[in-house]
Structures are given as structure tokens and as C-alpha cells.
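# Understanding the architecture of this molecule
Listed below, chain by chain, are the residues.
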Amino acid sequence: MTARDPRRSLPQVDALVREVAPDGLPHAVVVDAVRTVVAAARKRARRSHAVPSHTEMLAMANDELARRRRALLRPVINATGVIIHTNLGRAPLSERAIQAVADVARGYSNLEWDAEHGRRGDRFAHVEPLLAMLCGAEAALVVNNNAAAVLLVCAALGAGKEVIVSRGELIEIGGEFRIPDVLAQSGATLREVGTTNRTRAADYEKAVGNETAFLLKVHPSNYRVVGFTTAASTEDLARIAHARKVPLVFDVGSGLVTRELADEPLVQRAVDDGADLVCFSGDKLFGGPQAGVVAGKADLIAPLRKHPLLRALRPDKMQLAALGATVVEHLERAEEVPVWRMIAASPDDIAKRAKRLVRELAGAGYEAEAVPGESVTGGGSLPGEGIPTTLVRVRHAALKPKAIAAGLRAAEVPVAVRVDDGAVIVDLRTVFTHQEKDVHQAFRSLT
Ligand SMILES: *Cc1c(COP(=O)(O)O)cnc(C)c1O
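Residues numbered from 1 in each chain as written. Predicted model: local features only at pLDDT ≥ 70, side-chain atom pairs only at ≥ 80, totals over all residues. Heavy atoms only, no water.

## Thoughts on the sheet that holds strand S13 (residues 292–296)
We apply this condition: Each pair of strands is called paired provided DSSP finds at least two bridges between the two strands. A run of H or I in DSSP counts as a helix once it spans at least four residues, and a run of E counts as a strand once it spans at least two, with each numbered from the N terminus. Helix axes use the C-alpha atoms of the stretch in contact, all axes being lines fitted to C-alpha atoms, and the angles between their N-to-C directions lie in the range 0 to 180 degrees. Residues are treated as being in contact if the distance between any of their heavy atoms lies within 4.5 Å.
As summarised here, the arrangement of the 7 strands in space is S5-S13-S12-S11-S10-S6-S9, forming an open sheet in which the pairing is mixed. Looking at which strands have only one partner, the edges of the open sheet turn out to be strand S5 (139–143) and strand S9 (189–193). In this sheet, neighbouring strand axes are inclined to one another by 25° on average, regardless of whether the strands run parallel or antiparallel. Against the sheet, helix H5 (residues 128–135) makes contact with S5, strand S12 (277–281) and S13, and its axis sits at roughly 115° relative to S5, the strand it touches most.

Set out below in C-alpha cells:
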């Protein structure tokens, strides 16, 4: 560096660190961000001999800090109308579940302590009896997610043997969960039967043999094979499995327990129809925390408990607390599970809220109108079936829909919307009432 080197006039890291807006970020992160920005400016100056002004450097440093702050895990507003949105954290928890998490998180708990006898207890003992009762099953086990539940079942009951699955059910569920891969990881061999669109009971019957560990039925959550199709019923599969003294395992996916919803399988019905083990997610239609549940016969759950994988897949106290509270809500048929409140929201109420938003946005210079449309349950449930709703279509004379959506994502509390057909689409079904003012504010800040 010569005496006249322009890089000399770049601000010092220390000086910038004192001037930026840290906005809650730890000092070490602020220093690192400022260093990154100064180093990049130095590199550019070496090539172009153009040195940013102090004000420009400060702005760049603040941008970098804002970028790092935005990358942290934080709440967003879901205005997409997709109720179980995997990218947005799936099911919001009920107040009861949140309270249960806070209670065990704040201090110690009887997680693995038998308070009555003062000895070591079982972390599954608190939620299991209620969960089994809810599912109409003898026993139940909780793991980290449903992928883990299926993996554990295949490893504990299927390793070294064959698991029979229909070719129509060799599904991939968003994010690398592929039934054939899970089976391969578990040490079980996949025995495919039938074709993509048609698998008859007789196909399973022919495939069952001495090598069979169990029959696996998988709910094809996120797609439907339509047209010329056949699938064997749970009852048929249970009859075939039980005649050959092997179990039937049913991965129902979504964990519907309290009411009917189109052709989503009900957990209790799967058990009644003869599935020996039923697996489902805690955070889809069940409306609880991320978790995987295996419910069914006690003598089949027992080897799962003893399997070494369980130690790696077990849920923590916060998951168990939230799941336990959600189970209680379902047993009480309380309408407090947010996913179900959203599914059951009154169409009039949504229309009223939509009209309020239209008025608000018109006042802020947008062209907005309330139009009929559809919300979706999401999370791989009910593909192609919407819930009638009132949408708000938003346009602006000077802002393209994509620019509006980007602006909403950059808001203090980011707002996720759909962009469709030349407009921003807001569905208030998935927006909590207390968030409406933040939605208004996010739109207003763009004009
Ligand atoms: C969603 C789903 C899974 C995966 O569940 P996670 O809880 O996300 O691990 C597995 N099987 C089916 C049928 C599903 O719908």
C-alpha cells in the first residue's frame, strides 16, 4: 500500500462498529459483519481504485447486519392460505401447548423421573396412555417426526426381511423422504407389488412369504393417482397379513383424529380396520409440534422401544409437552387447535376481514378487491381440494406484484403471500386477527 493508496481512506472496522445499528445482534456478529463489508470494499478498491464514501460504507454495513438479522429464525405472517405450510413451520401451536412447553422449558420436569417412587421414570409414560386412548390403540410411541417413525418401524420389525409395498405408494414427500430410501436405510428389503395405478389385494397375497416382515400401506399424501386405479383397502390388507401371521403397518401421514376430512385416513379407523401399527406426523392435521407417532399393538411397539435407533430419534421434553397438550385438546374436542380453527373458520368472518383489508389498502393507494377463491390445507393433505374462502387481490399502479411481494417479505415481520395472475393474493384464513395490523403496516410501508 503506497502513501496515496485510496484504500487508506476506507473507514476502520472499529469506527464503523461504533456507528452501525446492531439491533439486537451480538457484538461478535456485528464485528464480523463489518469486517466482511470492509474486506469486500478493499478488494473492490484494489481492482477499480474507487473507494466508497464513509456514508456508503455505513449503509453497506447496515445492510449486511439487516441481512444477517433476517436470516435468524423468527416469526412470519402466513397470508398464503396454505394452512399446513412446511416452509413456514407447519402447525402453529395452541395456547395450551405453548404454555406446556414454557412450563417444562423454564425449569426441571419429571421427564424421566417417577415422582411417586423417587426413581428413574420413562419419558414416554406421560403422553403414551392419552395418545393410545385417542388413537383407539393399545400402545403408542413418540419420535422426532413421522419419517423417523417409519424408519424405526422398518428397522425394528423389517431388518433382514422383506417389506411389501404397492408400486403406487412408493412416494416421495417434500424434502427427500422417499419410502424406498427409508427402507434401504433400515436394512429391510423392499418388495414392490402391483403397478403405479393398480394394486389389488391379490398382488399382496401372492407376494407374502417366509421372508415377509410386514405389509406397509402408505397414504400417498401429496398426490392422487386418478382415473383407472385400484388400491387394496385396509381391511383387505389386514385380512391377508393376519392370515399369514404378519402385521400390517399403515403410514397415514397427516394424523387426522377428531373428524372426517375428505379422503384423508382417520387414525382410529385405520386401527379399527385392522392396521397393527399406524404412523403419523404431529405437526400436520394433528396440529401439534413436530413429532412422529406410532400407535398400535403393544407387542409390536415393545421392540421399537428396545431398538438402539430410538435413542437417536427420541423427542425432547418440549416436543412431548406440546404433543401432550395437543392430545388433551383432541380428547376434549376443544376447538383450540389453530390448524382446526383455521380449517373451520366462518366464511362470513373471513369475508368481513377481507373487506376490511380492501378498505385499508385502498386508503394506502392500492387497487384491492375481495374475490372468491380457495385456501388449501397443505402439508401433503388433500391435494387438489380447496376450502372456499375470500381472497384479497392487490395491485398497485406503480409497483409490480413481484415487487410488492418482495417488499412484504422485507417487512419487520415478513408477510408471505401468493402472487398469481398479475396480482398479489392475500388469504386471511391463515393470518391471526392480531396480525392484521402488521399486514396493513407492511403494505403501507411500500407506498
Ligand atoms: C408427511 C409424511 C411423512 C413425513 O412426515 P414428517 O413428520 O414430515 O417426517 C411420511 N409419510 C407420509 C405419508 C406423510 O404424509
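Let's pick the thread back up.
## Some details on the packing of aromatic side chains
Rules: Paired rings are identified among Phe, Tyr and Trp, the last through its six-membered ring, by centres lying within 6.5 Å, and are further divided according to the angle between planes into stacked (under 30 degrees), edge-to-face (over 60) and tilted (the rest). When a residue's accessible area, from a 1.4 Å probe over protein chains only, is under 20% of the maximum for its type it is buried; when over 50% it is exposed; and in between it is partly exposed. Consider the ring centre and the ring normal. A charge sits over the ring if Lys NZ or Arg CZ is within 6 Å of that centre and within 35 degrees of that normal.
As enumerated under the stated definition, the model contains 2 aromatic pairs in all. Both rings, one in Phe280 and one in Phe286, keep their centres 5.4 Å apart while their planes meet at 40°; by these two values the pair is tilted. When its relative accessible area of 0% is taken as the criterion, Phe280 is described as buried. Taking the centre distance of 5.3 Å and the plane angle of 85° together, the rings of Tyr366 and Phe443 count as edge-to-face. You can see Tyr366 sitting in the loop between helix H15 (347–363) and strand S14 (367–378) and its partner Phe443 sitting in helix H17 (residues 436–444), a full 77 residues away along the chain. In terms of burial, Tyr366 and Phe443 fall into one category: buried. The ring of Phe250 has Lys217 lying over it, and the distance from NZ or CZ to the ring centre is 5.4 Å.

## Observations regarding the nonpolar core
Threshold: Nonpolar core, defined: a set of buried Ala, Val, Leu, Ile, Met, Phe, Trp, Tyr and Cys residues in which side-chain atoms within 4.5 Å join the residues together.
With 71 residues, the main nonpolar core has Leu131, Val153, Phe214, Leu215 and Leu323 as its most contacted residues. When residues of this core are assigned to their parent elements, the largest contribution, 7 residues, is made by helix H6 (residues 146–158). Beyond its immediate stretch of four places on either side in the chain, Phe214 contacts Val153, Cys154, Leu157, Gly158, Glu162, Val163, Ile164, Val246, Pro247 and Val249. Ranked by size, the runner-up nonpolar core spans 24 residues in total, among them Ala354, Val415, Val417 and Phe443.

## Here we look at a nonpolar patch on the surface
We apply this condition: Patch membership requires over 30% relative accessible area and the absence of a salt bridge. Like charges are linked within 9 Å, and nonpolar side chains (Val, Leu, Ile, Met, Phe, Trp, Tyr) within 5 Å. Using the Shrake-Rupley algorithm and a 1.4 Å probe, accessible areas are obtained, with residue cover drawn only from the displayed protein chains. Any carboxyl oxygen of Asp or Glu that lies within 4 Å of a side-chain nitrogen of Lys or Arg is treated as forming a salt bridge with it.
A cluster of nonpolar side chains, Leu130, Met133 and Leu331, forms an exposed patch at the surface whose accessible area comes to about 260 Å². Along the chain, the position of Leu130 falls in helix H5.

## Some remarks on unusual backbone geometry
If you check the backbone angles, Asp23 has positive phi at about 45° while not being a glycine. By the element assignment, Asp23 lies in the loop between helix H1 (13–19) and helix H2 (27–48). Judged by its relative accessible area of 53%, Asp23 is exposed. The phi dihedral of Lys245 falls on the positive side, at around 60°, and the residue is not glycine. By the secondary structure assignment, Lys245 is in the loop between helix H9 (234–243) and strand S11 (248–253). Note on Lys245: relative accessible area 75%, which makes it exposed.

## What to know about the pairing of strand S10 (residues 212–218)
By the criterion of burial, S10 is predominantly enclosed, with 7 of the 7 residues buried. Note that strand S6 (residues 162–166) and S10 share 4 bridges and pair parallel. Across the sheet, the residue bridging to Glu162 is Thr212, located in S10. Summarising the sheet, S10 and S11 pair through 4 bridges and their orientation is parallel. Bridge pairing in S11 places Val218 opposite Asp251.

## A look at the packing of H2 against helix H3 (residues 54–70)
When two helices pack together, their arrangement is captured by the angle between the axes and the distance separating the axes. Here is the rule we go by: Just so you know how the angles are binned, under 35 degrees is roughly parallel, over 145 roughly antiparallel, 65 to 115 roughly perpendicular, and the rest oblique. Handedness of a crossing follows from how the near helix is turned relative to the far one, being left-handed for an anticlockwise turn of less than a right angle and right-handed for a clockwise one.
One way to put it is that H2 packs onto H3 with a least axis distance of 9 Å and a crossing angle of 130°. One finds that H2 runs oblique with respect to H3. Read as a crossing pair, H2 and H3 show a hand that is right-handed. Here Val29, Val30, Asp32, Ala33, Val34, Thr36, Val37, Val38, Ala41 and Arg44 of H2 lie close against H3, whose contacting residues are Met57, Met60, Ala61, Glu64, Leu65 and Arg68.

## Quick notes on the domain arrangement of the protein
What counts, and what does not: By convention here, the domain bounds are inherited from an automatic or database domain assignment.
Looking at the assigned domains, one finds that the protein contains domain 1 (10–71), domain 2 (77–89 + 340–444) and domain 3 (95–334). On a C-alpha basis, the centres of domain 1 and domain 3 stand 50 Å from each other.

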